[in-house]
Amino acid sequence: MTSQTLSATSALPAQSGRPMRHRVHIYRGWIGAALLILACALPMLFLHTPPMADVLGHIGRYSIQTGLRDHSWLKAYYGFEWRVIGNLGADLLVEALHPLLGVEAAAALIAALVPILAASGILLLSRQIHGRVTAASVLALSLIYAVPFTWGFLNFSLSMALALLAFNLWVFLERRGHLRPRALLFVPLGLAIWLCHTFGWALLGLLCGARSLTLSRKNGRNWPQALTDAALSCLPLLAPLLPMALWRNDAAASGIAGWFNPLAKVAWLIAMLRLDHEWFDKVSAVALLLVVYIGMRSPRVTADRTMATAALIAFIAYLLLPMQVFGSLYADMRLAPYVVMLALLSLRDYDRPRRMLMAFALAFLAMRLALTGFTYHQRERMLDAQMEALSAIPEGARLATLVQRSCESDWEMPWLTHVGSLALARKHLFANDQWAFSGMNLLSVHYPAAGTFATDTAEIVYPERCEGDGPTLAKSLAHLPLGAFTHVWVIGVPLEAIPHREGLTLIWKRADAAVFAVTAGHEPHGPGIRKLSKFQP
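Right, let's walk through the structure included here. (Residues numbered from 1 in each chain as written. Predicted model: local features only at pLDDT ≥ 70, side-chain atom pairs only at ≥ 80, totals over all residues. Heavy atoms only, no water.)

In this section: the packing of aromatic side chains. On inspection of all chains with the given rule, the structure shows 15 aromatic pairs. Relative to Phe430, the ring of Tyr78 has its centre 5.5 Å away and its plane inclined at 25°; by these criteria the two rings are stacked. Taken as a pair, Tyr78 in strand β1 (residues 78–80) and Phe430 in strand β5 (residues 430–431) lie far apart in primary sequence, 352 residues in all. When sorted by exposure, Tyr78 lands in the same class as Phe430, which is buried. On the basis of an interplanar angle of 70° and a centroid distance of 5.0 Å, the ring pair of Phe430 and Tyr447 is categorised as edge-to-face. Here Phe430, found in strand β5, pairs with Tyr447, found in the loop between β6 (443–445) and β7 (460–461); they are 17 residues apart in sequence, far enough to count as distant. Judged by its relative accessible area of 10%, Tyr447 falls in the buried class. Sitting over the ring of Trp411, Arg274 keeps its end group 5.9 Å from the ring centre. The ring of Trp279 carries Lys282 above its face, with NZ or CZ at 5.1 Å from the centroid. (Phe/Tyr/Trp six-rings, centres within 6.5 Å; stacked < 30°, edge-to-face > 60°. Helix = DSSP H or I, 4+ residues; strand = E, 2+ residues; numbered from the N terminus. Buried < 20%, exposed > 50% of the residue type's maximum accessible area, 1.4 Å probe, protein only. Lys NZ or Arg CZ within 6 Å of the ring centre and 35° of its normal.)

It is worth spelling out the layout of surface pockets at this point. Of the voids in this model, the largest pocket is the one considered here, and its volume is about 920 Å³. Listed by contribution, the elements that provide at least two residues to the lining of the largest pocket are α2 (53–67), α7 (154–175) and α18 (473–479). For the lining of the largest pocket, the element with the highest residue contribution is α2, accounting for four residues. In the lining of the largest pocket, the residues fall into 18 nonpolar, 15 polar and nine charged. (1 Å grid on protein atoms, 1.4 Å probe; cavity = no way out; pocket = protein on both sides within 12 Å on 5 of 7 lines; lining within 4 Å. Points joined across faces, edges and corners; volume = space filled by probe spheres on them. Nonpolar A, V, L, I, M, F, W, Y, C, P; charged D, E, K, R; others polar.)

The next subject is the pairing of strand β4 (residues 398–404). Burial analysis of β4 places six of its seven residues in the buried class, the great majority of the element. Relative to β5, β4 is paired through two bridges, and the arrangement is parallel. Looking across to β5, one finds that Leu399 is bridged to Ala431. After leaving β4, the chain enters helix α17 (residues 419–427) and then returns to the sheet as β5, a path that is right-handed. Direction of pairing for β4 relative to strand β8 (residues 487–491): parallel, over a ladder of five bridges. Paired with Ala400 across the bridge in β8 is Val488. Sheet analysis places β4 next to β7, joined by two bridges and oriented parallel. Each bridged residue has a counterpart across the sheet, and for Gln404 the counterpart in β7 is Val461. (Pairing = 2+ DSSP bridges. Right-handed = clockwise from strand over helix to strand, strands pointing away.)

Taking 1.5 Å of rise per residue, the 21 residues of helix α9 (residues 198–218) would be expected to cover 30 Å, and the 30 Å separating its terminal C-alpha atoms lies within 8% of that figure. In terms of burial, α9 is a largely internal element, 16 of the 21 residues being buried. Immediately beyond the C-terminal end of α9, within one or two residues, lies Gly220, with a positive phi of roughly 90°. (Expected span 1.5 Å × (residues − 1).)

As enumerated under the stated definition, the model contains eleven salt bridges in all. Across the pair Asp91 and Arg61 runs a salt bridge, and its minimum N-O distance is 2.9 Å. Within this pair, whereas Asp91 is found in helix α3 (residues 89–101), its partner Arg61 is found in helix α2, the two being separated by 30 residues in sequence. Comparing Asp91 with Arg61, the two get one shared label, buried. (Salt bridge = Lys/Arg side-chain N within 4 Å of Asp/Glu carboxyl O.)

The packing of two helices is summarised by the inter-axis angle and the distance between the axes. For the pair α7 and helix α15 (residues 331–346), interaxial distance at closest approach is 12 Å and the crossing angle is 25°. Considering the angle they form, α7 stands roughly parallel to α15. Regarding α7 and α15, the two cross each other, and that crossing is right-handed. The residues of α15 that touch α7, namely those facing Phe156, Ser157, Met160 and Leu164, are Arg334, Tyr338 and Met341. Residues belonging to the contact of α7 with α15 are distributed by class as follows: five nonpolar, one polar and one charged. (Axes fitted to C-alpha atoms, helices over the stretch in contact; angles between N-to-C directions. Parallel < 35°, antiparallel > 145°, perpendicular 65-115°, else oblique. Left-handed = near helix turned anticlockwise from the far one by under 90°. Contact = heavy atoms within 4.5 Å.)

Mapping Arg274 onto the fold places it in the loop between α12 (262–270) and α13 (278–297). For the buried Arg274, which has no salt bridge, the nearest side chain bearing the opposite charge is Asp276, at an N-O separation of 6.6 Å. Not counting the four nearest positions on each side in its chain, Arg274 is found in contact with Val147, Thr150, Trp151, Asp281, Asp410, Trp411, Glu412, Met413 and Pro414. (Lys, Arg positive; Asp, Glu negative; His and termini not counted.)

Right, let's get into the environment of Leu289. By the element assignment, Leu289 lies in helix α13. Measuring from C-alpha to C-alpha, the distance between Leu289 and Met341 comes to 10.0 Å, with 52 residues separating the pair along the chain. When near neighbours in sequence (up to four residues on either side) are disregarded, Leu289 contacts Leu269, Met272 and Val340.

Printed below as a string of structure tokens:
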């Protein structure tokens, strides 16, 4: 055997070992990504009722959507009519899941799926763009639990997660040259994401347009040509324009308000991770903003042009969006964390201290997830304690909830404001906290006897110190039309601080809440009203 043969033979194990090491590296990468996705789901996995203001309100609407036929007395107060609108994601999923799980469990499952889908979209996108999961993309995972999700904007958050996943597919098909199949596929896919929520469809269009624009510029096309290319490539995504035009004509009565407010724009960026821990939440948000700023400015960090362009367009949209669009409140606030998310996804790591950056990102994410999980579980325990009041409220009642929230300037989130809708779901009663925006959802409220106390935001009251924020408990209780209700549930106020009003009899209490029955002479008559047994305090 010659020396050449020996050298060739000795080289074989090293050569054959390279594919094996590569495969092991790939497996480790996927296992690490799977663990990150699981970690992002942990704050939601063990909740039976997500303690988020709007999710509680949605659960009430879902119970009407699925139970109006079985509880006919609710038809005296509520109507529900299916229409094609860009705000139906969780509604349709609940319709499919509730026969198997029930309304509350279906809503909890959908809420738990959102972080899983969003984390999958972020990590897959990082691999698509950079070839690996970057430290900046791990930091971006913390924004899954930003204010829009924590507030309970379920359809919105679901649609944004689906948009990230769909954009991964857009890039995947483009790199394999499957442009015609992609065009055909994204007609129904764009419609489906729009049906979930309009914002997700807009994000998908923004991402796809930014991708086409940067590729055209990279290939030497001038700006008019590149913009034309981007418009043509996004044509398959325009299918929702017709149903959207019809829907928005119906929703136009809700109006547009709250145009450009620079202080509010800055405030929402600093508050994008708002929970109940003001300084830590603010420091966390500022830390992410600093990472973006340093990353964009540093010569040692490169930014992917597609994601940087998308982040820039999203930032401009954030600056221009008003606070309310056709009844959708906090339209600009919803976009704030996604501007930062896209900017983080654009950043490639430094070459040398990559492990140190990843360690920082993982530690930051772990702290945010732990704090979020702790806060959610604390809130759920508080919610369970409040729901003990239902032992004193009969099925079919007409319930007025008056929930004292924090001042508008306070950091604490008003997550209990729609607790009446949870009572609606569990007791099939009338609750005065459902939304009634024309064209914004499928539910209508028709209970003239309750006047302005029939719908959201009549259930919200403020402490005396919150000057100008809204009505106090004393004012709302004094103007409440008792003849329209059988019970009044006051939450967030010590019993001794609740103003006295004739016609109300205490039937249940705890340290910060009380339930009153409307006494004879004020009690209404109507379908579904059932008498309580004697209350034993």
